[in-house]
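Inside the fold
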Amino acid sequence: MEQIFPTKGNLIKMRRALRQAQLGYELMDRKRSILIREMVSLTDKASKLRGSIDDTYRQAYQALQRANISMGVVSDVAKTIPVDNSLKLSTRSVMGVELPELSADPAELRVIPYSMLQTNSSFDQAYICFNKAKEITVLLAEIENSIYRLAVSIKRTQKRANALHNIIIPRYRDYVRSISGSLEEKEREEFSRQKVIKHAKLKKEKA
């Protein structure tokens, strides 16, 4: 432990530093709890979406397979569907952690972007399912990226909280205890010295 000169000024500094460290630990612990709750909530959502996206893609590829069988290879028709460039990225903050928010324009199913004469209901079903899969994929990507960022921040916050709780706070407590003990010892010595001086003075006056 670093040697701190036992003065009242240093005692005030160490007490202030101890209070700040304790406050810092409380804030880190609160932040960690909030981030964990957020991550648990997102993990539940991600689990449900993973099951949903698997079913949606399976239905889409089955519909696409039926369309290929009934129409022949549908790649030429598929190329007429415009590329979706509507994906947008923004962020939201949870206890200082920037989490992504992805959004994409939903497909206008009332406006079919391919020829109805060249396709059939299987192709329509594949188109609908792939659009649904796109929406779920965007949402799942947002959630999984958020979970990763939260996990990294939770680990970092836990590390800082542990350092405060196990190293910094005990160190400042030792400083306060050591300085307080030294000052109390000096006060006792000074009291005893003054008592001896007073006793000697009274003895001298009587003599």
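Note that this is a predicted model, so its numbers are computed, not measured. The residue numbering used here restarts from 1 in each chain and proceeds along that chain's sequence as written. Local features are withheld for residues below a pLDDT of 70 in this predicted model, meaning they are given only at 70 or higher, and side-chain atom pairs are given and counted only at 80 or more; totals for whole chains, interfaces and linings count all residues. Just so you know, side-chain values use all the structure's heavy atoms and leave hydrogens and water out.

The next point concerns the environment of glutamate 142. Along the chain, glutamate 142 turns up in helix α3 (residues 121-206). Owing to a relative accessible area of 15%, glutamate 142 belongs among the buried residues under this scheme. Sequence separation of glutamate 142 and leucine 42 is 100 residues, and the distance between their C-alpha atoms is 9.9 Å. To qualify as a helix, a DSSP run of H or I must reach at least 4 residues; to qualify as a strand, a run of E must reach at least 2; elements of each kind are numbered from the N terminus. The buried label applies to any residue whose accessible area, calculated with a 1.4 Å probe on protein chains only, is under 20% of its type's maximum; exposed applies above 50%, and partly exposed to all values in between.

Moving on to the environment of serine 115. Inspection of the secondary structure puts serine 115 in the loop between β2 (97-103) and α3. Residues serine 115 and serine 70, 45 residues apart in the sequence, show an inter-C-alpha distance of 16 Å.

Turning our attention to the packing of aromatic side chains. Between rings of Phe, Tyr and Trp, where Trp is taken as its six-membered ring, a pair exists when centres lie within 6.5 Å; planes separated by under 30 degrees are stacked, by over 60 edge-to-face, and by other angles tilted. Under the counting rule described, the total for this entry stands at four aromatic pairs. Their ring planes at 25° and their centres at 6.3 Å tell us that tyrosine 57 and tyrosine 61 sit as a pair that is stacked. Here tyrosine 61 and tyrosine 57 lie together in helix α1 (residues 8-71), a separation of four residues that amounts to about one turn. A relative accessible area of 29% means that tyrosine 57 is categorised as partly exposed.

Only one rule defines a salt bridge in this text: a Lys or Arg side-chain nitrogen within 4 Å of an Asp or Glu carboxyl oxygen. With the rule as written, the count across this model stands at seven salt bridges. Across the pair arginine 58 and aspartate 55 runs a salt bridge whose closest N-O atoms are separated by 2.3 Å. Here arginine 58 pairs with aspartate 55, and both are found in helix α1, just three residues apart, close to one helical turn. In this structure, lysine 134 and aspartate 84 form a salt bridge, with 2.6 Å as the shortest nitrogen-oxygen distance. Taken as a pair, lysine 134 in helix α3 and aspartate 84 in the loop between α2 (75-78) and β1 (88-94) lie far apart in primary sequence, 50 residues in all. Each of Glu38, Arg92 and Glu101 takes part in a single network of salt bridges with overlapping partners.

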